[in-house]
Amino acid sequence: MTITPTTAGPRVTAERGSGRAIGWIGMPAGIVVLIIVGSLLNDKFLSVSNLTNVLINMSIVGVIVVGMTFVFITRGMADLSVPATVAVGGILVLALQPVMGSIAAGIVGVLVATAAGLLNGFLIGYAGLNPVITTLATGTIVLGIAQAAVGGVIVYGDDKGIQEFLTGRIFGTIPVIVLIFAAIAVIGHLVLSRSVWGRWTYAVGSNPDATRASAVPVRLTRSAAFILTGSLAGFAGVLLGLTLQTARPGIGIGYEFDAITAVVVGGVSLLGGFGSIPRAIGGLLFVQLLTNILVLQGVPTEPQGLIKGGLIAGAVALDVALRRRGGRR
Amino acid sequence: MNRVQRFFDSTTFLGIVQYRVIIILVATFVLAASLVPGFFEFRTLSLSIDRVATLGIVAVGLTVVLIAGQLDLSVGSTLALSGIAAIGLQPVLGATGAAIAALLIGIACGAVNGFLVVVLKVNSLVATLASMLMFRAICHTITDSRPVSGEDPLVGLVVTRPVGGTFSPRALIFFVAVILLALWLRRTVAGRNLFAVGSSSASATASGIRSNGYLFGVFVFSGAMAGAAGIMQSLAVNTGSPVFGETTALTGIAAVVIGGTRLEGGRGSALGTLGGLLVLAFLTTSMEYQSIPAYIQDIVTGIILLLLILLDRFVSGKARRAEPLANVIRRWLRSRRDTTATQEGMDERTLAP
């Protein structure tokens, strides 16, 4: 049997000029437009202190966004156990603080959250379960265990030193927490764009069958994305616990949706194989700037969800439309 | 290893998996019966079912969405919005008018989801996440984040007072919805088409089924059911609150999945969802009776959910026939006899190199 050349043409067609331009310039242009609009609407917007506040506000969720980007790129849908792993980090760091000090307690918090990520990774990568329902179930279990460990109450800490360090500024200008977030984002970006792991991550998300045929450990790569998200969410929880010096079980609720929002607005595809950390961070910055402008304009918190929701739906619809025009699906 | 493999391939194991909902239902029923004194009294049973009736009505809508291979995270927000409408519009439209308006709002919410998924081609997970945020924001905006109370608390008795000493009307509505859905899924062409759409919407379209119509329909149905559930919950407590239903979507999906419906679409049943709901009802009743804290209950529910999807995963891809329960039990008894008879021979074989 002879192999006839398919008439379908190349599988991946280059995006047309306009589509590519929107894809590349869209997010930076959007951020610039927001900054211009913001500074026109309110003269407090473009001040150093306001913009620093925006950065501080996005730091903790930003740490989670880095992990969630990996999950999205491996076509792992989303990690819904983030609220649980954040709470695990926050609760454990404060509960163990009196016993072993903040740093060691923080490490334990991250390790336990990583264990939850391992469970997710094993079930999704190796047992092949659906990520949405699996992370939902593990999240319920893990959060329950963390609550049971401290008796289901709010935990308070009393390490003023580390709280001041984290909320303080280096050289009087750069907030420490922003620096931590920046370091994680840069490392995440380098791993994703320069390392073997990063290349595997893209390969697994774009075509799992071909990737498996090329001897790439597909299951390991898919698991790794969830393990990474587990540890980063745990770390975010530790940071949150240490800066607030109080942690209730519901401390992480909403972080999963905030992280998904940022990643999706940044144009990282839920279909996998496409996206980057700078894009996701760009999406996060866009959402945060928009929220900041709304707050400065005196828009109450309640209708902001309406705008956020519209933004998510609009961003994904635009992404889908651009892909279809570019000949990719 | 060989024997483990053989066990997973055996008809006994497949039978266990096929009837896992019934098995776990019986197990939780026995647990509840042994832990809760007077559980067999009809009143206790009726009350424990009344408590999950609202969730059950949402789950009926979610069953259809999951069979179609989609997700709906927005049902909780729709529930709250409809509930607020059912109470808040009472002074203007009267109790019945407000309930009808609330149901229409639920349908409209579903149509928004359908529009996002079918017309704009947004993945249903992200689309309903977006609409979840939007509907919730509308709830908070129109109520100023405060619960609204109805004028006449007696209106709520319509949905909670047991009919003729049996079940409450909302539990009855739930049962009727399950039965109607089961008949629709099993006995009608449209119902079977839905399974085809869920397995592969492209293939379904190729064989002449209007997949997009079905996809739009499932979201409208899910919105309508969430709306109906919202009306009943709000009437029952005579309050519409913007924070109602914050965990409804996730618990509802869990109940449907415990009932054996696949998240990937193409497989599921209405009676399974009834089973999943009853499992949750019995579990909650018995654990609360033992005053086990909520977080321990969460751990138990999570583990059951995880075990069931793992079991389901083990048999996916293996040929499965729908076998009558009696056959499965008979074969299991026979295989038990055979195993004990050939036990020694088996051991020798496994030890041999």
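Residues numbered from 1 in each chain as written. Chains lettered and ligands numbered in written order. Predicted model: local features only at pLDDT ≥ 70, side-chain atom pairs only at ≥ 80, totals over all residues. Heavy atoms only, no water.

S.K.: Give a detailed account of the overall build of chain A, specifying residues and quantitative values.
M.R.: Summing up its helical and strand segments, chain A has twelve helices and four strands in all. Taking 20 Å as the expected radius of gyration for a compact globule of 329 residues, we find that chain A reaches 21 Å, a close match to that expectation. In terms of principal-axis extent, the alpha carbons of chain A reach across some 75 × 50 × 35 Å. A burial count over chain A gives 53% of its 329 residues as buried. (Helix = DSSP H or I, 4+ residues; strand = E, 2+ residues; numbered from the N terminus. Rg over C-alpha atoms; globule rule 2.2 N^0.38 Å. Buried < 20%, exposed > 50% of the residue type's maximum accessible area, 1.4 Å probe, protein only.)

S.K.: Account for the overall build of chain B, naming residues and giving values.
M.R.: Looking only at helices and strands, chain B features 17 helices and two strands. A fraction of 78% describes how many contacts in chain B between residues 6 or more apart in sequence connect residues 24 or more apart. Carbon and sulfur atoms provide 65% of the accessible area of chain B, an area that totals close to 16,200 Å². (Contact = heavy atoms within 4.5 Å. Areas by Shrake-Rupley, 256 points an atom, 1.4 Å probe, with all protein chains shown as cover.)

S.K.: Describe a nonpolar patch on the surface, listing the residues and the values that go with them.
M.R.: Together, Leu-306 and Ile-307 of chain A together with Ile-138 and Ile-142 of chain B make up an exposed nonpolar region whose accessible area comes to about 310 Å². Going through the elements one at a time, α12 (301–325) of chain A together with α7 (124–143) of chain B are the ones with two or more residues in the nonpolar patch. By the secondary structure assignment, Leu-306 of chain A is in helix α12. Taking relative accessible area as the criterion, Leu-306 of chain A reaches 35% and is therefore assigned partly exposed. (Patch = residues over 30% accessible without salt bridge, like charges linked within 9 Å, V, L, I, M, F, W, Y side chains within 5 Å. Salt bridge = Lys/Arg side-chain N within 4 Å of Asp/Glu carboxyl O.)

S.K.: Just give me the short version of the pattern of salt bridges, but keep the residues and values in it.
M.R.: Evaluated as defined, the whole model comprises six salt bridges over all chains. Across the salt bridge formed by Asp-258 of chain A and Lys-308 of chain A, the nearest N and O atoms sit 3.3 Å from each other. Within this pair, whereas Asp-258 of chain A is found in helix α10 (residues 255–265), its partner Lys-308 of chain A is found in helix α12, the two being separated by 50 residues in sequence. The exposure class of Lys-308 of chain A is partly exposed, given its relative accessible area of 25%. Residue Glu-288 of chain B is joined to Arg-51 of chain B by a salt bridge in which the shortest nitrogen-to-oxygen separation is 2.9 Å. Taken as a pair, Glu-288 of chain B in helix α14 (residues 270–289) and Arg-51 of chain B in helix α4 (residues 42–67) lie far apart in primary sequence, 237 residues in all.

S.K.: Now, about the packing of helix α13 (residues 248–258) of chain B against α14 of chain B: what can you tell me, with residues and values included?
M.R.: Residues and elements named next belong to chain B. As a packed pair, α13 and α14 sit with axes 7 Å apart at the nearest point and diverge in direction by 115°. Crossing of α13 over α14 shows right-handed handedness. Taken together, the residues of α14 that come into contact with α13 (itself represented by Thr-251, Ala-255, Val-256 and Ile-258) are Thr-273, Gly-276, Leu-277 and Leu-280. Each residue belonging to the contact of α13 with α14 can be placed in one class, and the counts come to five nonpolar, three polar and no charged. (Axes fitted to C-alpha atoms, helices over the stretch in contact; angles between N-to-C directions. Left-handed = near helix turned anticlockwise from the far one by under 90°. Nonpolar A, V, L, I, M, F, W, Y, C, P; charged D, E, K, R; others polar.)

S.K.: Quick rundown of the confidence of the model for chain A? Include the residues and the values.
M.R.: One rule of thumb: low pLDDT means the predicted coordinates there are not for detailed reading. Here chain A shows a mean pLDDT of 86. Residues at 70 or above account for 91%. Per-residue pLDDT stays below 50 along residues 1–15 of chain A; that stretch engages in nine contacts with residues further than four places along the chain or on separate chains. (pLDDT = per-residue confidence, 0-100.)

S.K.: Tell me about the UniProt feature "transmembrane region" (unreviewed entry) in chain A, and please be specific about residues and values.
M.R.: All names here are of chain A. As recorded in UniProt, the sites labelled "transmembrane region" (unreviewed entry) are residues 21–42, 54–73, 80–97, 103–129, 136–157, 169–192, 224–247 and 253–274. Span residues 80–97 is 89% helix and 0% strand, its end C-alpha atoms 27 Å apart. Each end of residues 103–129 is marked by a C-alpha atom, and these two atoms are 35 Å apart; helix forms 89% of the span and strand 0%. (UniProt positions renumbered as here; feature names shortened; annotations may be inferred.)

S.K.: Explain the interface of chain B and chain A residue by residue, including any values.
M.R.: Facing 35 residues of chain B, the contacting portion of chain A comprises 38 residues. Summed over the three residues of chain B that lose the most area to chain A, namely Val-126, Tyr-295 and Leu-306 of chain B, the buried surface amounts to 18% of that side. The interface formed by chain B and chain A includes zero salt bridges. Connecting chain B to chain A are two residue pairs in polar contact (both at pLDDT 80 or more). For the side of chain B that touches chain A, the elements supplying multiple residues, two or more each, are α7, α13 and α15 (294–315) of chain B. Class assignment for the residues of the side of chain B that touches chain A results in 26 nonpolar, five polar and four charged. (Buried area = accessible area lost by both parts, 1.4 Å probe. Polar contact = N/O pair within 3.5 Å; in protein donor to acceptor, adjacent residues only side chain to side chain.)

S.K.: Go over empty space enclosed by the protein, please, and point to the residues and values.
M.R.: Residues and elements named next belong to chain A. Counted according to the given criterion, the structure contains two cavities of 30 Å³ or more. Estimates place the volume of the largest cavity at around 60 Å³. In terms of lining, the largest cavity is formed by Val-287, Leu-290, Thr-291, Leu-294, Gln-304, Ile-307, Lys-308 and Leu-311. Elements with a minimum of two residues in the lining of the largest cavity: α11 (277–296) and α12. Across the lining of the largest cavity, the residue classes break down as five nonpolar, two polar and one charged. (1 Å grid on protein atoms, 1.4 Å probe; cavity = no way out; pocket = protein on both sides within 12 Å on 5 of 7 lines; lining within 4 Å. Points joined across faces, edges and corners; volume = space filled by probe spheres on them.)

S.K.: Could you give me a rundown of helix α3 (residues 82–126) of chain A, with the residues and numbers involved?
M.R.: All names here are of chain A. Here α3 contains 45 residues, and its C-alpha end-to-end distance of 20 Å is more than 12% below the 66 Å for a straight helix at 1.5 Å per residue. At Met-100, α3 shows its largest bend, some 130°. With its phi angle positive at about 70°, Gly-128 sits one or two positions after the end of α3. (Expected span 1.5 Å × (residues − 1). Bend = angle between axes of the 7 residues up to and from the residue.)

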